[in-house]
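Examining the three-dimensional arrangement
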There are 2 protein chains.
Amino acid sequence: MAKPKKTPRPKAETPKGFRDYFGAEVTQRAEMLRRIAGVYHRYGFDALESSAVETVEALGKFLPDVDRPNEGVFAWQEDAEADKPGDWLALRYDLTAPLARVYAQHQNDLPKPYRRYAMGPVWRNEKPGPGRFRQFYQCDADTVGAPSVAADAEICAMLADCLEEVGIPRGDYVIRVNNRKVLNGVLDLVFGFDAVSEDKMLSAVYDSETRKDEILRAIDKFDKFGSEGVALLLTGGRKDESGDFTKGVGLDTHQADLVLSFLESRGASNAATISNLKNLLGGAIRGLDGVSELEHIVHLLEAGEYFEDRIVIDPSVVRGLGYYTGPVYEAELTFDIQDEKGRTRNFGSVAGGGRYDDLVKRFTGQEVPATGISIGVDRLLAALHAKGRMQTREDGPVVVTVMDRDRMADYQAMVAELRQAGIRAEVYLGNPRNFGNQLKYADRRGSPVAVIEGGDEKARGVIQIKDLILGAKIAESATLEEWKDRPSQFEVPCDQLVARVRDILKQHGLAGGEAGQ
Amino acid sequence: MAKPKKTPRPKAETPKGFRDYFGAEVTQRAEMLRRIAGVYHRYGFDALESSAVETVEALGKFLPDVDRPNEGVFAWQEDAEADKPGDWLALRYDLTAPLARVYAQHQNDLPKPYRRYAMGPVWRNEKPGPGRFRQFYQCDADTVGAPSVAADAEICAMLADCLEEVGIPRGDYVIRVNNRKVLNGVLDLVFGFDAVSEDKMLSAVYDSETRKDEILRAIDKFDKFGSEGVALLLTGGRKDESGDFTKGVGLDTHQADLVLSFLESRGASNAATISNLKNLLGGAIRGLDGVSELEHIVHLLEAGEYFEDRIVIDPSVVRGLGYYTGPVYEAELTFDIQDEKGRTRNFGSVAGGGRYDDLVKRFTGQEVPATGISIGVDRLLAALHAKGRMQTREDGPVVVTVMDRDRMADYQAMVAELRQAGIRAEVYLGNPRNFGNQLKYADRRGSPVAVIEGGDEKARGVIQIKDLILGAKIAESATLEEWKDRPSQFEVPCDQLVARVRDILKQHGLAGGEAGQ
């Protein structure tokens, strides 16, 4: 095992690219995951929690959506045993590779098809950057063993339900759907062969597959650079504003036009888009097969009342390289937000996925069809914050102050009474000597209420209740006139503690303001 | 970065000592964590989620409750950068070491005292054994920066509330409280020096500290071996039934008797125990200080109505070595269960903790007092299962069967209707040719209801609803008499789908049986 070098005093720092999450950051994400899990569960998906650590062998070597295979995992070698070298282990980089391993390992015990959801952190050993961390959450649902596009349609419906469940109203999002087969059909046209000749012309296919990745990469820039930019990338190359030059794929103008007309084939309705695609593809068989799958998905979704205000066929959706084999989908938030530099921009994609049919093959040799999505919970949370739909800090606790160190038992009794009534409350546990520090503490905690009981109050059987939110408003306000009827601090008999604190919480719309919570 | 060796087909296996969790195992744990988090939150504790990966330097070298320091972590070295060797990183082995790092790193931004809770997996690179895994959950709450035993009392009350919140009723658990200072007082008596001479006799102290660990280890066996066994371990040594010999600490009989009378000083009430301890300790100053802390804790807890049916002073509680400096506590379930071999035994400890005051010192040089608990959620779940208080599998979904592949849209519409009514439902997505396979699938999923609509039903505007739970009961039952009034399959008009399915769920007491869920 590793022996670190000895240092007199360690640095208190997260490793580079990692961070800590505090308070509301944690609870809001947990609540979002819980809501999404509820939707997944309602759709018949079962929870799976695989181990964070996998053998490098089982994990495999490719990251979907990332064009650098065989990179980016945290790995280490187990201690050797006897004459056998230790296995290489690694932290999972996503939740799909472990699903493949789990399905291959447990398939005899799993229902077929197997609908499963999983949520948890994944780790990538990549260069960290601003807002880009080496540990982050994924929240996936996949159906394994269902070849029909009914499985894809179901995933799209579920994705829409998830977004609404976490607070994105209808109209603020759209699920864009495409099909890799359509894209392949266009490439068949570009390279001038159809499905039959493809089988025969292996070397030509090999060549085109390499170029296919380059073409996909260019297409993926459609949202960013538009038709003109993609046209340059598909042909001779593109120089950006800073003067950097990106080499082109080297298609001729006719070929590039074909790809562009595909990208621009989105019509005013799903029916129009499908008709455009059919016209474009002519006799390209596997492309037409893809269009009919899209048609079928739309049909199934309409049966469940998911119409084109939510589900849109969009030929420009690519979703990474190589990985997907059929329908692909992407959830996009359609509202504008202000970015960190104050610029208005579209929030963009928060989830995506598609059909990938080679999942289990590397373990068992069997082809097992699979389709699924991954929801970017951190991006979704950011979106809700950007729209002001989420409070930035948690409700602080009621703070019972300590006026007399020897009467801690009295204060504990009060705080126990509040907690038993479902009210978040604490007794001040720092050094009670300086009362001002106790109020500063309450302020730092975002406390709505402070409770005060000195010897005099104790003798008279009363307590002081201080409405800290009202107090802050009074302090801010220029005149005291408007608040004169509502003093921010008042005295009540001991036995009214819970009732009066609850009144204040209710007035401010805070949790604990309802009885029996 | 590590390059694994190439193999033609990878093995689909978790690494040794790791496992996967399915369905109810995941959701029940998530629900338990959510409830515990709710209690922690009500007590004013704030959530913290630190990264799973820490620098080995920050993580430090000791595991509480484990007597092998500097072992047992999964660690690896980062890639070198320029001429600087890469940092050693490791997976956290508990949630306390990261808390120390977080507190030292962020202390200017944190309230003081800082109450925080954390829950999540931790990893230990230990030899796996039966039921012993290298990844498991911890669920901690700690108060940092509060020197008063009021903080300890609060933690004990919170622990009791947590147990009741997750389904352990009052009477089925007890929180046993002890104090390391009392133990140290007894050792002062054993070694014949008090706090004053201790300062002067450094070498004697050093020697006694080494033996102290050995004595603690012997005391820790009190529950298992009783007075007689511990007496042997404290003196000459003990031979177990298999003939294995454990070397003794080497105390003389008088010394061993002192330790034993301490262990046996638990009285019929907390007051009696405290009185026994005072008598035993005589003039051992730091021991008496510990007793008065215990007395204060009991007093504070009684103020919050936590009496000795729940909180018991028990001098035999040790809780690991070296780590703790003051009060220690342990939650024990008091009911009997049958173990895997059918033997009746006490379920034992499910949570524990205590005060440890050197947490942040290694980072900052400052002494910062801290106290906290860790709840063993997996053991708690096992306890609830052992008592039959938790169902072993999840409610399966309603399965809408596929009689006619071309009418998938109709089935999707039905399933969408059920889901929108809050009922867990799925359409069968396997090959629909063999209807028997669809019912087998429903059985495997634990489905309560199957919905069937063939061409004939479609034409007549009806659907068949099959109550699978009732069906299974009828199949089990010797006579059909008792069921004759309740057919397990019946026909209803299409528009009664949701209402009739809900009726069945309600009859069987399943989720989804209530409107508006």
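Everything numeric here is computed off the predicted structure, so don't read it as measured data.

Some details on the overall build of chain A
Secondary structure assignment for chain A yields 18 helices and 19 strands. Across its three principal directions, the C-alpha atoms of chain A cover 100 × 70 × 55 Å. Looking at chain A residue by residue over its 517 residues, the buried ones come to 55%. Residue pairs at least 24 apart in sequence account for 66% of intrachain contacts in chain A once pairs closer than 6 positions are excluded. Element-wise, carbon and sulfur atoms account for 49% of the exposed surface of chain A, whose accessible area totals about 22,500 Å². Charged side chains in chain A number 68 positive and 81 negative. The centres of these two groups are separated by 5 Å.

Let's talk about the pattern of salt bridges
Residues and elements named next belong to chain B. Under the defined criterion, the tally for this structure stands at 76 salt bridges over all chains. A salt bridge links arginine 19 to glutamate 25, with the nearest nitrogen and oxygen atoms 2.8 Å apart. A relative accessible area of 26% means that arginine 19 is categorised as partly exposed. On the accessibility criterion, glutamate 25 (33% relative accessible area) is partly exposed. Linking arginine 34 and glutamate 31 is a salt bridge whose minimum nitrogen-to-oxygen distance equals 3.2 Å.

Digging into the sheet that holds strand 8 (residues 173–179) of chain A
Taking strand neighbours across the sheet as the criterion, the nine strands line up as 11(A)-8(A)-12(A)-13(A)-14(A)-7(A)-6(A)-2(A)-1(B) in an open arrangement whose pairing is mixed. Across the chains shown, the open sheet's two edge strands, defined by having one partner strand only, are strand 11 (311–313) of chain A together with strand 1 (21–22) of chain B. For strand 7 (residues 135–144) of chain A and strand 14 (residues 370–375) of chain A, the ladder comprises five bridges, and the chain directions are antiparallel. Following the sheet pairing, valine 144 of chain A is matched in strand 14 of chain A by alanine 370 of chain A. Across the sheet, helix 3 (residues 96–106) of chain A touches strand 2 (46–49), strand 6 (114–123), strand 7 and strand 13 (344–356) of chain A together with strand 1 of chain B, and the angle it forms with strand 7 of chain A is around 45 degrees.

Focus: helix 10 (residues 270–281) of chain A
All names here are of chain A. Here helix 10 contains twelve residues, and its C-alpha end-to-end distance of 16 Å stays within 8% of the 16 Å for a straight helix at 1.5 Å per residue. Listed in full, the buried residues belonging to helix 10 are Asn270, Thr273, Ile274, Leu277, Leu280 and Leu281. Angular distribution of buried residues about the axis of helix 10 spans 125 degrees; they occupy a single face of the element. Seen from the buried face of helix 10, the exposed residues on the opposite side, beyond 90 degrees, are Ala271 and Asn279.

Brief notes about the relation of the copies chain A and chain B
Superposition record for chain A on chain B: RMSD 0.1 Å, screw rotation 180 degrees, translation along axis 0.0 Å. Read as a symmetry element, the transformation amounts to a two-fold axis. Considering only C-alpha atoms, the residue of chain A closest to the rotation axis is tryptophan 76 of chain A, which sits at 2.8 Å.

Focus: the confidence of the model for chain A
Residue and element names in this part refer to chain A. For chain A, the average pLDDT comes to 87, and 90% of its residues sit at 70 or higher. The element-level mean pLDDT for chain A is lowest in helix 6 (residues 195–200), coming to 44, with strand 2 highest at 98. Every residue in residues 62–70 is under pLDDT 50, and counting partners more than four places away or in other chains gives 19 contacts. Across residues 195–203, where pLDDT falls below 50, the model places five contacts with residues more than four positions away in sequence or in other chains.

Description of the domain arrangement of chain A
Often, the extent of an interface is quoted as the loss of accessible area on bringing the components together. By domain assignment, chain A separates into domain 1 (24–386) and domain 2 (398–507). The C-alpha centroid of domain 2 of chain A is placed 53 Å from the C-alpha centroid of domain 1 of chain A.

Some thoughts on the pairing of strand 7 of chain A
Residues and elements named next belong to chain A. With nine of ten residues buried, strand 7 lies mostly within the body of the structure. Pairing analysis gives ten bridges linking strand 6 to strand 7, with the strands arranged antiparallel. Looking at strand 7, one finds that glycine 120 is bridged to glutamine 138.

Some words on the packing of helix 5 (residues 180–191) of chain B against helix 9 (residues 253–263) of chain B
Residues and elements named next belong to chain B. The contact between helix 5 and helix 9 brings their axes to 9 Å, and the two run at 160 degrees. Considering their axes alone, helix 5 and helix 9 lie roughly antiparallel with respect to each other. Crossing of helix 5 against helix 9: the hand is right-handed. Contacts between helix 5 and helix 9 pair Val182, Leu183, Val186, Leu189 and Val190 from the former with Gln255, Leu258, Val259 and Phe262 from the latter. Partitioned by chemical class, the residues of the contact of helix 5 with helix 9 number eight nonpolar, one polar and no charged.

As for the environment of glutamine 420 of chain B
Mapped onto the elements, glutamine 420 of chain B comes out in helix 14 (residues 408–420). Measuring from C-alpha to C-alpha, the distance between glutamine 420 of chain B and valine 498 of chain B comes to 9.6 Å, with 78 residues separating the pair along the chain. Setting aside residues no more than four positions away along its own chain, glutamine 420 of chain B makes contact with Gly304 and Tyr306 of chain A.

Details of the interface of chain A and chain B
In this assembly, 108 residues from chain A lie in contact with 108 residues from chain B. For the pairing of chain A and chain B, the buried interface totals around 9,300 Å² over both sides, and the portion due to carbon and sulfur atoms is 55%. If you sort the residues of chain A by the area they bury against chain B, Glu49, Arg419 and Leu429 of chain A come out on top, with a joint share of 8%. Linking chain A with chain B are 14 salt bridges, by the criterion used here. Where chain A touches chain B, the interface holds 54 residue pairs in polar contact (both at pLDDT 80 or more). No other element matches the seven residues that helix 14 (residues 408–420) of chain A contributes to the side of chain A that touches chain B. In the side of chain A that touches chain B, the residues fall into 53 nonpolar, 24 polar and 31 charged. Relative to strand 2 (residues 46–49) of chain B, strand 1 (residues 21–22) of chain A runs antiparallel, the two being bridged by two bridges. Bridging from a neighbouring strand, phenylalanine 22 of chain A pairs with leucine 48 of chain B of strand 2 of chain B.

Quick notes on the sheet that holds strand 5 (residues 88–91) of chain A
All names here are of chain A. An order of 3-5-4 is seen for the three strands of this open sheet, with the pairing classed as antiparallel. The open sheet is flanked by strand 3 (53–55) and strand 4 (75–77), the only strands paired with a single partner. On average, adjacent strands in this sheet sit at an angle of 30 degrees to one another, irrespective of strand direction. Pairing of strand 4 with strand 5 involves three bridges; the strand directions are antiparallel.

Focus on unusual backbone geometry
Among all residues except glycine, the phi angle is most often negative; among peptide bonds, the trans geometry is most common. All names here are of chain A. A cis amide bond links lysine 112 with the next residue in sequence, proline 113, at an omega value of -5 degrees. Tracing the sequence through the fold places proline 113 in the loop between helix 3 and strand 6. Of note, glutamate 305 is a non-glycine position whose phi angle comes to about 70 degrees, a positive value. Along the polypeptide, glutamate 305 turns up in the loop between helix 11 (285–303) and strand 11.

Some remarks on helix 8 (residues 222–234) of chain A
Helical geometry note: an α-helix holds 3.6 residues per turn, so side chains three or four residues apart project in the same direction. All names here are of chain A. Under the 1.5 Å per step criterion, the end-to-end length of helix 8 is only 11 Å for 13 residues, more than 12% shorter than the ideal 18 Å. Its maximal kink placed at glutamate 228, helix 8 deviates by approximately 80 degrees. What helix 8 keeps buried is the set Phe222, Gly229, Val230, Leu233 and Leu234.

Quick look at the pairing of strand 12 (residues 327–338) of chain A
Residues and elements named next belong to chain A. The buried fraction of strand 12 is high, at nine of twelve residues. Judged from the seven bridges that link them, strand 8 and strand 12 form a sheet pairing that is antiparallel. From the neighbouring strand, arginine 176 faces strand 12, where its bridge partner is glutamate 330. As judged from the nine bridges shared by strand 12 and strand 13, these two strands associate in the antiparallel manner. Each bridged residue has a counterpart across the sheet, and for tyrosine 329 the counterpart in strand 13 is glycine 353. What sits between strand 12 and strand 13 in their antiparallel hairpin is a turn of five residues, with glycine 342 showing a positive phi close to 80 degrees.

Some points on the packing of aromatic side chains
Residue and element names in this part refer to chain A. Taken as a whole, this structure holds 15 aromatic pairs over all chains when the rule is applied. Both rings, one in tyrosine 40 and one in phenylalanine 45, keep their centres 6.5 Å apart while their planes meet at 40 degrees; by these two values the pair is tilted. Here the two residues tyrosine 40 and phenylalanine 45 agree in accessibility, since each one is buried. A centroid spacing of 5.7 Å and a plane angle of 45 degrees characterise the contact between tyrosine 40 and tyrosine 117, whose relative ring orientation is tilted. Of this pair, tyrosine 40 sits in helix 1 (residues 24–42) while tyrosine 117 is found in strand 6, placing the two residues 77 residues apart along the sequence. The pair tyrosine 40 / tyrosine 117 is uniform in exposure class, with both members buried. Over the ring of phenylalanine 225 we find arginine 238, and its NZ or CZ is 3.7 Å from the ring centre.

Rules used in this analysis
- Residues numbered from 1 in each chain as written.
- Chains lettered and ligands numbered in written order.
- Predicted model: local features only at pLDDT ≥ 70, side-chain atom pairs only at ≥ 80, totals over all residues.
- Heavy atoms only, no water.
- Helix = DSSP H or I, 4+ residues; strand = E, 2+ residues; numbered from the N terminus.
- Buried < 20%, exposed > 50% of the residue type's maximum accessible area, 1.4 Å probe, protein only.
- Contact = heavy atoms within 4.5 Å.
- Areas by Shrake-Rupley, 256 points an atom, 1.4 Å probe, with all protein chains shown as cover.
- Lys, Arg positive; Asp, Glu negative; His and termini not counted.
- Charge placed at Lys NZ, Arg CZ, Asp CG, Glu CD.
- Salt bridge = Lys/Arg side-chain N within 4 Å of Asp/Glu carboxyl O.
- Pairing = 2+ DSSP bridges.
- Axes fitted to C-alpha atoms, helices over the stretch in contact; angles between N-to-C directions.
- Expected span 1.5 Å × (residues − 1).
- Arc of directions from axis to C-beta.
- Least-squares fit on C-alpha atoms with pLDDT ≥ 70 in both.
- pLDDT = per-residue confidence, 0-100.
- Domains from an automatic or database assignment.
- Parallel < 35°, antiparallel > 145°, perpendicular 65-115°, else oblique.
- Left-handed = near helix turned anticlockwise from the far one by under 90°.
- Nonpolar A, V, L, I, M, F, W, Y, C, P; charged D, E, K, R; others polar.
- Buried area = accessible area lost by both parts, 1.4 Å probe.
- Polar contact = N/O pair within 3.5 Å; in protein donor to acceptor, adjacent residues only side chain to side chain.
- Bend = angle between axes of the 7 residues up to and from the residue.
- Phe/Tyr/Trp six-rings, centres within 6.5 Å; stacked < 30°, edge-to-face > 60°.
- Lys NZ or Arg CZ within 6 Å of the ring centre and 35° of its normal.

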